[in-house]
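# Working through the structure, step by step
Each chain is listed here by its residues.
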Amino acid sequence: MNETCRVSVERRGDVAVFWTDGYINNQGGEEIAREAYSELDRGARALIMNLEKTRIVNSIGISILIEVLEKVMERKAVLAFCGLTPTIDKTFRIMGLAQYAAIYPTEQEAMRAVGAPA
Amino acid sequence: MLRGETEMPVAVRIAGAARLLAGARRAAVFLREADAWVPAFDSASEGPLWEAPDRLPERAGLHEGRLWVPLEAEGEVHGFLALEGLEADDPTEIAASLGLIFGSVLGVSRLSRLVKDAEFELKARLLELESLYDLGLSLAGQLDVSSLADEVLYRSISLTDARKGTLVLFGERGAPPLSRSVGGEILPPGAAGAWELPAGNVVINNEASRVPTAGVSFTDCEKCLLVSIAVPERRLGVLAVADKESRDGRVLDFTTGDARLLSLFANQVAAAVETTRLHREAIEKERIERELELAAAIQRQLLPRELPHLPGLDLAGATRPTRQVGGDYFDFFPLSRGRLGFVVADVSGKGIPAALLVSTVHAAIHLQIDASDTIVELVSRIDRHLQRFSATHKFLTLFFGLVDPETSVLRYVSAGHNPALLARASGEVERLHATGVPVGLLPHGSWKEETAPFESGDLLCVYSDGFTEATNAEEEEFGLDRLRQALVDRVALPPRDLSDDLFREVLLFAQGVPQYDDQTLVIVRRNGQHGVPAR
């Protein structure tokens, strides 16, 4: 697994899709937050985060994702996660992320749910 | 787990609101963070940043041209508001109001953060418990140690907020170690094997960059935590994490709580490794037992399915193996002119090797019996066969007898076998001693054929040493004398009943003590009728 988390983003209309690869810790979380705030500033109304290449998320990473979620809610946008391992899925549900962010098994389902253009 | 959120965003908003309310030119809120007062300026403020004075005022007041207002709630100062360029005539009146309003705001914000932190901490503890529970379930459901090792390593790194981690499981019986790392290898597998962790099997080294960890120097980490993966009396591997990170990028000390959590994970791995090993051993044992049962079934096929019926002779033959397969063998061979050949053999060793040798002896006798003119020739042929085809250091004792009812003579060769007992109709019992060495023992063994009268009413009892060497709880052997006496006491019985009685006698003597050698018995009695040619 990668020591540093790589984040790539693609814009599809007003939906931004994020792909992470590696450990979401402080460095990975900051990278995600930076990209997320940038997309929100550019008018994104939905952020979809595909974590299928991430196996570990620590508490710092979770707290940063919570901050991102708070910012998303402030902007009246939506945040959705997909491609989670069972462990990360459970972690997000226990830590409260799933309370305000939707979790979908696949990216296609997440895209469909937020009404992203094909 | 740390959430790491601060009141800075709230402080910026307070500074902005206070500047507008007080009609000030610039405003800032100072918050205490890590032993320093850190300012949060109103976003509309311009100009150089201020620094907090060495000593902040206990009460609101002017200092170097700025109004300083303690932001207090519930008797605790949470920060200071500093305003510059006030237009008001009486700043102290404003200060009292601002202190009351924004002190409460900051206090509520701090309380809210503490509640959120406590909630986050609580959820993090719940996550730890759930992780242990999930691993326990994984342990019950799978025997793939490799997958479990990955899962344990991921969870260990995640729940201790470490930047990197390594898990090493030592290979069994010379197998290479299983090693997994995330974020870089903390310790190479070879070093892990030679590593002696101190008592308690846990090492917290928060100065790992300059102080060796249990004698090993790490260059790529600042702080580390290691636990041994072990079962009683045996180390199975090492689980290590390094560099616990904080929200602000610092590397934090590992705590005893982290060590406790990691030890629990290490215990899960140890349990998984042990379960897998026991499962593998159980499968191996089952496989061996299946093979033994198969071998026993094959060996049962080698024993006579039914005894020959020959005029003038009453016969019995039985064996009781002490394992699924044994090293004893008996057989009967009806021959020409009403003669009967019979054999009792006891091969060296136990289990599968002994059974294979029995199989070889069985084949050799059946192949050679018609080609041999005398018993000595037959035994010599068997010996040569074994010397040629069987494994080294294998031998057997053997009694081969040939009864000729027409001549009332018993011919026999005893190759190192226990003395057979010949009970005369008169009540006397003779011992027929060995007439040569065991078969297969020496390169050029020799045997002599002996004869004995075998008249009507005489009875021959040939047995293996498992019969006379059966032991009881006092480690006393059944012995030849007891066998002889038992034979004398029951000599009038039909051979089959006599055989059953003798086996029962030995069983009673042993009093349930497990026996380690096969027991075999062959009984031949002359009943007075003349035989007819059979082969």
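Scroll up a little and you will see the structure.
Calculation criteria
Residues numbered from 1 in each chain as written. Chains lettered and ligands numbered in written order. Predicted model: local features only at pLDDT ≥ 70, side-chain atom pairs only at ≥ 80, totals over all residues. Heavy atoms only, no water. Axes fitted to C-alpha atoms, helices over the stretch in contact; angles between N-to-C directions. Helix = DSSP H or I, 4+ residues; strand = E, 2+ residues; numbered from the N terminus. Parallel < 35°, antiparallel > 145°, perpendicular 65-115°, else oblique. Left-handed = near helix turned anticlockwise from the far one by under 90°. Contact = heavy atoms within 4.5 Å. Nonpolar A, V, L, I, M, F, W, Y, C, P; charged D, E, K, R; others polar. Pairing = 2+ DSSP bridges. Buried area = accessible area lost by both parts, 1.4 Å probe. Salt bridge = Lys/Arg side-chain N within 4 Å of Asp/Glu carboxyl O. Buried < 20%, exposed > 50% of the residue type's maximum accessible area, 1.4 Å probe, protein only. Core = buried A, V, L, I, M, F, W, Y, C linked by side-chain atoms within 4.5 Å.

This paragraph deals with the packing of helix α9 (residues 479-489) of chain B against helix α10 (residues 495-510) of chain B. Residues and elements named next belong to chain B. Closest axis-to-axis distance for the α9/α10 pair is 10 Å, and the angle between their directions is 140°. Judged by the angle between their axes, α9 and α10 are oblique. In the packing of α9 onto α10, the handedness of the crossing is right-handed. Listed contacts from α10 to R482, L483, A486 and L487 of α9 are L498, L502, E505 and F509. Here the contact of α9 with α10 is composed, by residue class, of 6 nonpolar, no polar and 2 charged.

Bringing the sheet that holds strand β2 (residues 36-41) of chain B into the picture now. Residue and element names in this part refer to chain B. The antiparallel open sheet is built from 5 strands, whose spatial order is β2-β1-β5-β4-β3. Unpaired on one side and paired on the other, β2 and β3 (61-63) mark the two borders of the sheet. Geometrically, the sheet is characterised by an average inter-axis angle of 35° between neighbouring strands, direction not taken into account. With 8 bridges connecting them, strand β4 (residues 66-73) and strand β5 (residues 76-84) associate as antiparallel partners. Each bridged residue has a counterpart across the sheet, and for L71 the counterpart in β5 is G79. Here helix α1 (residues 8-22) sits on the sheet in contact with β1 (26-33), β2 and β5, set at roughly 150° to β1.

Contacts between chain B and chain A engage 28 residues on the former and 25 residues on the latter. Both sides of the chain B and chain A interface together cover about 2,300 Å² of buried area, and 53% of this is carbon and sulfur. Linking chain B to chain A there are 5 salt bridges. Close ionic contact of R247 of chain B with E30 of chain A constitutes a salt bridge, the shortest N to O distance being 2.6 Å.

A separate point is the pattern of salt bridges. Under the criterion given, the structure shown has 44 salt bridges over all chains. With a closest N to O distance of 3.3 Å, D21 of chain A and R6 of chain A form a salt bridge. On the criterion of sequence distance, the pair formed by D21 of chain A in strand β2 (residues 15-21) and R6 of chain A in strand β1 (residues 6-12) is long-range, its members being 15 residues apart. Note that E151 of chain B and R155 of chain B form a salt bridge whose closest N and O atoms lie 3.0 Å from each other. Highlighted residues: E151 of chain B and R155 of chain B, both in helix α3 (residues 145-160), separated by 4 residues, approximately one helical turn. Judged by its relative accessible area of 8%, R155 of chain B falls in the buried class. Taken together, the shared-partner salt bridges in this structure form one network comprising K90 of chain A together with E130, D134, E151 and R155 of chain B.

Looking now at the nonpolar core. Counting residues in hydrophobic clusters, the biggest one holds 70 residues, and the most contacted among them are L47, M49, F81 and F92 of chain A together with L167, I229 and L239 of chain B. Take this core: its biggest share by element is 9 residues, from helix α5 (residues 256-302) of chain B. Every residue in contact with F92 of chain A, bar those within four places of it in the chain, is listed here: L51, V57, I62, L65, F81, L84, L97, A98 and I103 of chain A. Counting residues in hydrophobic clusters, the runner-up holds 50 residues, among them V361, I369, A415 and V462 of chain B.

Further remarks concern the environment of E35 of chain A. Residues and elements named next belong to chain A. Note on placement: E35 falls in helix α1 (residues 26-41). Residue classification places E35 among the partly exposed residues on the basis of a relative accessible area of 26%. Spatially, the C-alpha atoms of E35 and F18 are 8.6 Å apart, while their sequence positions differ by 17 residues. Each residue touching E35, except ones within four places of it in the same chain, is listed here: V7, V9 and F18.

Below, the discussion takes up unusual backbone geometry. Excluding glycine, residues mostly have negative phi values, and the peptide bonds linking residues are mostly trans. Its identity as a non-glycine residue notwithstanding, K76 of chain A has a phi of 60°, on the positive side. Residue position: K76 of chain A is located in the loop between α2 (59-74) and β4 (78-82). The residue D243 of chain B is not glycine, and still its phi comes out positive at about 60°. Tracing the chain through its elements places D243 of chain B in strand β10 (residues 234-245). Since its relative accessible area comes to 7%, D243 of chain B is described here as buried.

Take the pairing of strand β21 (residues 519-526) of chain B next. Residue and element names in this part refer to chain B. For β21, the buried fraction is high: 8 of the 8 residues fall into the buried class. Going residue by residue along β21, you find Q519, L521, I523 and R525 tucked away on one face and T520, V522, V524 and R526 tucked away on the opposite face as well. Of the pairings in the sheet, the one linking strand β12 (residues 313-320) to β21 comprises 8 bridges and is antiparallel in character. Across the sheet, A318 pairs through a bridge with L521, a residue of β21.

Take the pairing of β2 of chain B next. Residue and element names in this part refer to chain B. Pairing geometry for β1 and β2, over 6 bridges, is antiparallel. Opposite L31, over in β2, you have V38 as the bridge partner. Here β1 folds back onto β2, and the loop between the two strands holds 2 residues, one of which, A34, carries a positive phi near 50°.

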